[in-house]
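Chains, contacts and geometry: an overview
One-letter residues, chain by chain:
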Amino acid sequence: MTYSELKERQRAERDTHPTNLAVRVHRALSWLNRAEQSDDLDGRFVFLWIAFNAAYATEIDDQLRLSEQKTFQSFLQKLCDLDQERALEKLVWQAFPGSIRVLLDNKYVFKSFWDFQNGRISHEDWQARFKAGKQRAHAALGAGDTVQVLSVVFSRLYTLRNQLIHGGSTCNSSVNREQVRDGVAILAQLVPLIIKLMLDNPNTLWGDVSYPVVEG
């Protein structure tokens, strides 16, 4: 699925969509379009992450605010529950197994590795966490647990997102090409599918959008 295909559908259906869904899809599509136009990996990753963020981000009262990772994990669970054609499952198990396993083995997208580099935990602690995390992820892969696998994948991609967005990486750096390339490959297929699933389920409660459109 491409931006053009999804945009054509969105134009045909948007007048019947609830406002929150209409805004989410419109914003997500705009960033997907920008990602498809980008000719560099760093830019594509950032634009694809913004498209994903536009789709899932919800305005939550500060007293009830979940961590961002918990928020998108809940969003992924909802998508998998709604996915009657099991398209997400097919993508994970047919298109992504190699990319996912490579990502899981990459210490540079594991937060505890950077906690060790910054002196917050010991070398033994980060290695133990890395080993345990890989064991849980591979167990989820072995059990066919799509939601858990996607949650682990996005947790890794979130670390990469933080590196790029917060200036922790040099533009077009040769050091992180592998993880950026794998991240783009995964998001470029997941984001359009996420938008399609949202269009397929317009009456689902997606929550109030962050930063609603304000006229005037």
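Residues numbered from 1 in each chain as written. Predicted model: local features only at pLDDT ≥ 70, side-chain atom pairs only at ≥ 80, totals over all residues. Heavy atoms only, no water.

Quick look at the packing of helix 8 (residues 123–143) against helix 9 (residues 146–165) now. At a minimum axis separation of 8 Å, helix 8 and helix 9 run at an interaxial angle of 140°. With respect to helix 9, the element helix 8 is oriented oblique. As for the relative orientation of helix 8 and helix 9, their crossing is left-handed in sense. Of the residues in helix 9, those in contact with G133, K134, A137, A140 and L141 of helix 8 are Q148, V149, V152 and R156. Of the residues assigned to the contact of helix 8 with helix 9, the class counts are 5 nonpolar, 2 polar and 2 charged. (Axes fitted to C-alpha atoms, helices over the stretch in contact; angles between N-to-C directions. Helix = DSSP H or I, 4+ residues; strand = E, 2+ residues; numbered from the N terminus. Parallel < 35°, antiparallel > 145°, perpendicular 65-115°, else oblique. Left-handed = near helix turned anticlockwise from the far one by under 90°. Contact = heavy atoms within 4.5 Å. Nonpolar A, V, L, I, M, F, W, Y, C, P; charged D, E, K, R; others polar.)

Another aspect to go through is the packing of helix 5 (residues 87–95) against helix 10 (residues 177–200). Following both chains from N to C, one finds helix 5 and helix 10 inclined at 165°, their axes separated by 10 Å at the closest point. Considering the angle they form, helix 5 stands roughly antiparallel to helix 10. The handedness of the crossing between helix 5 and helix 10 comes out as right-handed. When helix 5 is examined against helix 10, the residues A87, L88, L91 and A95 are found in contact with a partner set consisting of Q189, L190, L193 and L197. In terms of residue class, the contact of helix 5 with helix 10 is made up of 7 nonpolar, 1 polar and no charged.

Bringing the environment of L103 into the picture now. Counting through the fold element by element, L103 comes out in helix 6 (residues 97–104). When the C-alpha positions of L103 and Y56 are compared, they lie 23 Å apart, and in sequence the two are 47 residues distant. Among residues more than four places away in sequence, those in contact with L103 are V109, V153, R156, L157 and I186.

Relative to the elements of secondary structure, S99 occurs in helix 6. The spatial distance from the C-alpha of S99 to the C-alpha of A28 is 24 Å, given a sequence separation of 71 residues.

So, on to helix 9. Taking 1.5 Å of rise per residue, 20 residues should cover 28 Å, and helix 9 covers 27 Å from first to last C-alpha, within 8% of that figure. Of all 20 residues that make up helix 9, 16 are buried, and the element is covered over most of its length. Just beyond helix 9, the residue with positive phi is G167, at close to 75°. (Expected span 1.5 Å × (residues − 1). Buried < 20%, exposed > 50% of the residue type's maximum accessible area, 1.4 Å probe, protein only.)

Glancing now at the nonpolar core. As a rule of thumb, nonpolar side chains are buried together in soluble globular proteins. F45, W49, F52, F75, I195 and M198 are the most contacted members of the largest nonpolar core, which totals 57 residues. Considering every element that reaches this core, the biggest residue donor is helix 10, with 12 residues. Beyond its immediate chain neighbours, meaning those up to four positions away, F75 contacts F52, A55, Y56, I194, M198 and W206. Membership of the second largest hydrophobic core comes to 5 residues, among which are F113, I121, W126 and F130. (Core = buried A, V, L, I, M, F, W, Y, C linked by side-chain atoms within 4.5 Å.)

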